[in-house]
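Structural characterization, general
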Amino acid sequence: MRYSIKTGSVAAVKTACLVVPRSRAIATAEALGIGEQARLTLAGTKNETGSVASLFSSGKPSRLLVVGKDDEATTEAAFHKNVEAAAKAVAGLDVADATLCLDDFEVDGRDAQWKTRIALAAISQASYRFDVYKSKRPKKSKAKLRRVAVLAKDRAAVAPAVRHAQALDGGLALAKDLGNQPPNVCNPTFVAEAASALAADGVAVEVIEEDGMAELGMGAFLAVTKGTDTPAKMVVVRYQGAAASEAPCVLIGKGITFDTGGINMKSTAGMAEMKFDMCGAASVLGAAKAAIDAQLPINLIAIAAAAENMPGGRATRPSDIVTTMSGQTVEILNTDAEGRLVLCDALTYASRFKPRAVIDVATLTGAQVVALGSQASALYANDDGLADALLAAGEQSRDRLWRMPLWDEYQEQLKSKFADMKNIGGSAAGSITAACFLSRFAKTFPWAHLDVAGTAFKSASGATGRPVPALFQYLLGLVR
Ligand code: BES
Ligand code: MN
Ligand code: ZN
């Protein structure tokens, strides 16, 4: 999607479709010379938050989309509902461009920047299509919409928000495309190639192969890839947008391109969804792409820990003991708890960058889905400042996170008879004990972990791109 800013009066703006709140519908229609028709048509349409009515005119714009209700609440919730409905409606229309009259939407305590960010992110989400494997593309999925403008009194007031929305659009699309690709295409090599496409001035991409991992002593990471013929890759994208002396923020993503469970194999139910088990990696690459496109003045490193979890003849067995890069030993009692095994070595690797913060993102546990469903990603952190910044970014971007405990008492569940720890903590508090496992490899820097098993994809519609909006918002916050 191309985003831009328009200024001037509604009657003068060149667009195929104008989007206004219902409270401003008649005034706008009058300015376009269709006041009478608007009165008649609107009388027969729903007057509710989240409803959309379509009016036609013979002039330009030829369409007026009216959203919400006459005496609309000026709350964030109402605004969200209205822009999400409007975005869906616009994306489904047969128009190539649309213009949003955001000044006309009132939201208590929120400025034009916020409204622009939220509205354009809704357009990005609603207009996304993944139909590369349809030999005959269904008509409905042929998204016509190419350009969306914000009509603003003050161009300068919304310019940064539009620039950031543009960057986020590209980052979201990358994350969703990678997530939606089938696992016979999107294997670790494919993830590495997608990351390599980010290489540019100020962006270096390094791919660490299995022999490199062996040299680094990544016994846990390598244990996951033993049962497959597809080589694992650890991809490191380094973006330098600030002085080299500035400590970087490191994002790490779980990139299991298919999770069969390994020898502890999953049952039929839900296994096909395990192509989405690389959505963490996709989201850190998406957030990095957005940061790079927006040229944020920060240093950022994105690491994709990519491997396939298969039950081959050389696969890791339940009860195998491996030595992690940190030197700590792990008794692998369940090969289906593989995400934490690739992540723990990536976390140890991250310490070499002397990071200001490390955030890992993973579709880590079914228990997270049970706890929070698809509304919020689970947030764990060893640093309250980092946790608060992420929570605020999640609220700001409407990509919510909810903080969970990392109390020492939970660590007890990871005690192993034979090694320093085991890789599972029993059936109670599964998302928490997974986070506890990771925390043991994040002792030397401020660290946060996002368990996105319930938020990164939807069974019905595929990858959501979450938590790219929250991550990008967090990175924006580092600038100011
Ligand atoms: N990738 C799964 C977690 C998952 C489940 C993601 C559902 C998305 C939707 C992960 O590797 C896994 O298998 N976790 C196990 C851990 C258990 C063996 C301790 C789980 O959650 O059952
Ligand atoms: Mn698993
Ligand atoms: Zn997994």
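Described below are features of the structure shown in this document. Quick caveat, the model's predicted, so the values are computed rather than measured. (Residues numbered from 1 in each chain as written. Chains lettered and ligands numbered in written order. Predicted model: local features only at pLDDT ≥ 70, side-chain atom pairs only at ≥ 80, totals over all residues. Heavy atoms only, no water.)

**A look at the sheet that holds strand E12 (residues 329-332)**
The strand order across the open sheet built from 3 strands is E11-E12-E16, with neighbouring strands paired in mixed fashion. Each having just a single partner strand, strand E11 (320-323) and strand E16 (421-422) make up the two edges of the open sheet. (Pairing = 2+ DSSP bridges. Helix = DSSP H or I, 4+ residues; strand = E, 2+ residues; numbered from the N terminus.)

**Quick look at the coordination of the manganese ion (ligand 2)**
For a metal with four tetrahedral donors the ideal donor-metal-donor angle is 109.5 degrees, while six octahedral donors give ideal angles of 90 or 180 degrees. Coordination of the manganese ion (ligand 2) by the protein is provided by Asp 259 (OD), Asp 336 (O), Asp 336 (OD) and Glu 338 (OE), with metal-donor distances spanning 2.1 to 2.2 Å. In terms of primary sequence, the donors binding the manganese ion (ligand 2) are separated according to D-x76-D-x1-E. The two metals, the manganese ion (ligand 2) and the zinc ion (ligand 3), are separated by 3.1 Å and share Asp 259 as a common coordinating residue. A residue pair is termed long-range when its members are at least 10 positions apart, and Asp 259 in strand E9 (residues 249-259) and Glu 338 in the loop between E12 and helix H10 (339-350) qualify at 79 residues. The exposure class assigned to Asp 259 is buried, which follows from its relative accessible area of 3%. For Glu 338, a relative accessible area of 1% gives the class buried. (Donors = N, O, S within 2.8 Å, 3.2 Å for Na, K, Ca; no water. Buried < 20%, exposed > 50% of the residue type's maximum accessible area, 1.4 Å probe, protein only.)

**Thoughts on the pattern of salt bridges**
Enumeration over the complete set of coordinates arrives at 20 salt bridges. With a closest N to O distance of 2.7 Å, Asp 94 and Lys 144 form a salt bridge. Within this pair, whereas Asp 94 is found in the loop between helix H3 (76-92) and strand E5 (97-100), its partner Lys 144 is found in the loop between helix H4 (112-127) and strand E6 (147-151), the two being separated by 50 residues in sequence. Under the relative-accessibility criterion, Lys 144 is labelled partly exposed at 41%. Of the charged contacts, one joins Asp 320 and Arg 317 as a salt bridge, the two residues approaching to 3.1 Å between their closest N and O atoms. On the basis of relative accessible area, Asp 320 is assigned to the buried category, the value being 14%. The exposure class assigned to Arg 317 is partly exposed, which follows from its relative accessible area of 48%. Where salt bridges share partners, they join Glu 30, Glu 36 and Arg 39 into one cluster. (Salt bridge = Lys/Arg side-chain N within 4 Å of Asp/Glu carboxyl O.)

Nothing here speaks to function; it is geometry throughout.
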